[in-house]
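# Per-entry structural report
The residues making up each chain are set out below.
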Amino acid sequence: MVDLDGKVVLVTGASRGIGAAAALAFAEAGATVGVMARNQDGVRDLAARIGGIALAGDVARAGDMERAVAAMGDRWGRLDVLVNNAGVIGPMADIASADPTVWGQAIDINLKGVFHGMRAVLPMMRAQGGGTVLTVGSGAAHAPREGWSAYCASKAGAWMLTRALDHEARAQGIRAISLSPGTVATDMQAAIRQSGINPISQLDWSVHIPPEWPARALVWLCGPGGDAFLGDEVSLRDETIRRRLGLAA
Ligand SMILES: NC(=O)c1ccc[n+]([C@@H]2O[C@H](COP(=O)([O-])OP(=O)(O)OC[C@H]3O[C@@H](n4cnc5c(N)ncnc54)[C@H](OP(=O)(O)O)[C@@H]3O)[C@@H](O)[C@H]2O)c1
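Residues numbered from 1 in each chain as written. Predicted model: local features only at pLDDT ≥ 70, side-chain atom pairs only at ≥ 80, totals over all residues. Heavy atoms only, no water.

Time to look at the sheet that holds strand β1 (residues 8–12). Spatially, the seven strands line up as an open sheet ordered β3-β2-β1-β4-β5-β6-β7, and their pairing is parallel. A strand with exactly one partner marks an edge of an open sheet, and here the two such strands are β3 (53–56) and β7 (233–235). Taking the axes of each pair of neighbouring strands and ignoring which way they run, one obtains an average angle of 20° across the sheet. Pairing between strand β2 (residues 32–37) and β3: four bridges, direction parallel. From the neighbouring strand, V35 faces β3, where its bridge partner is A54. Strands β1, β2, β3 and β4 (81–84) of the sheet are contacted by helix α3 (residues 62–76), whose axis makes an angle of about 155° with β1. Sheet strands touched by helix α7 (residues 212–221): β4, β5 (131–136), β6 (174–180) and β7. Its angle to β6, the strand with the most contacts, is close to 160°. (Pairing = 2+ DSSP bridges. Helix = DSSP H or I, 4+ residues; strand = E, 2+ residues; numbered from the N terminus. Axes fitted to C-alpha atoms, helices over the stretch in contact; angles between N-to-C directions. Contact = heavy atoms within 4.5 Å.)

Here's what the structure looks like:
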């Protein structure tokens, strides 16, 4: 396992699912972790458990992301890793019937939220000589799914943001990588199942991987294993990657 002793990590969307599992995995690897979600009650217990701080904020608001990053800097003097994990599935409806407001909120969170995170951490990471920005992507960035236009479009945009960040900032030591986890057994996946829309909702629950798998991958990407994937996307559907991480096939 990668040793992150002395490293400082901020995880967005950490109140449940992949984000909560990631916060635990980073803490187990020795990192100091800030956990952020819209509702501070959702992250308070987790922060206490791992000795980190609970941050209330909405990634869709640039000012909230700036405040969260500043809080990390005030408390620990640095920020080594940002995990852009917060996300919503958005309106599960075809383009003709999707509510424009709800559609726009998904873009605000899944796409603009990632931009807000990158923008907020860059000054601190550049000043300290580098850092890692991990974004939880999705296969939906590369393949349209019926009824998921907001989700697919936002994840496609977020994938391009990882590439853009790598293009702009790799030379300053910024490591930008996207992780596409496959389908994961979380509340989001339960909502997808309940919708009955498109083939993903019909998958047997047993095919979904546990959130601890992407959590482990996120920690691994902070070590030398991630160096081969700068500006790129790592897919947990890839058997080679799973084997390298010691995850069951
Ligand atoms: N589950 C899957 O199969 C799957 C597959 C591919 C990719 N992903 C991606 O993985 C990430 C995590 O998904 P998940 O399945 O763990 O979802 P989840 O169980 O629904 O958890 C989402 C988390 O994001 C937070 N969040 C939502 N909107 C936010 C906002 N505006 N600002 C701050 N926090 C916000 C939620 O907390 P609050 O509501 O309290 O703010 C919660 O902690 C998402 O980016 C998702 O697209 C998931």
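Our next topic: α3. Between the first and last C-alpha of α3 there are 21 Å, a value that for 15 residues agrees with the 21 Å anticipated at 1.5 Å per step. Looking at α3, one finds that the buried residues are D64, M65, A68, V69, M72 and G73. As for α3, its buried residues are in contact with β1, β2, β3, β4 and α4 (100–127). A positive backbone phi angle near 80° is found at G77, which sits one or two residues after α3. (Expected span 1.5 Å × (residues − 1). Buried < 20%, exposed > 50% of the residue type's maximum accessible area, 1.4 Å probe, protein only.)

Contacts to the ligand come from 28 residues, most closely from S15, D58, Y151, T186 and Q189. Listed by contribution, the elements that provide at least two residues to the shell around the ligand are α1 (17–28), α5 (149–169) and α6 (187–195). The greatest single-element share of the shell around the ligand, amounting to three residues, is contributed by α6. Looking at side-chain class alone, the shell around the ligand contains 12 nonpolar, 11 polar and five charged residues. (Near = heavy atom within 4 Å. Nonpolar A, V, L, I, M, F, W, Y, C, P; charged D, E, K, R; others polar.)

This part takes up the pairing of β6. Burial analysis of β6 places seven of its seven residues in the buried class, which makes it a mostly covered element. Burial along β6 is two-sided: the face carrying I174, A176, S178 and S180 and the face carrying R175, I177 and L179 are both buried. Relative to β6, β5 runs parallel, the two being bridged by six bridges. Bridged to T135 within β6 is S178. In this view, the connection linking β5 to its parallel neighbour β6 by way of α5 has right-handed handedness. (Right-handed = clockwise from strand over helix to strand, strands pointing away.)

Moving on: the pattern of salt bridges. If the charged atoms of two oppositely charged side chains come close together, the side chains can form a pair. Evaluated as defined, the whole model comprises eight salt bridges. R44 is paired through a salt bridge with D41; the nearest N and O atoms lie 2.7 Å apart. Residue R44 and its partner D41 are located together in helix α2 (residues 41–50), separated by three residues, close to a single helical turn. For D41, a relative accessible area of 52% puts it in the exposed group. Ionic pairing is found between D80 and R78, a salt bridge with its closest N-O pair at 2.6 Å. By relative accessible area, which is 30% here, R78 ends up partly exposed. (Salt bridge = Lys/Arg side-chain N within 4 Å of Asp/Glu carboxyl O.)

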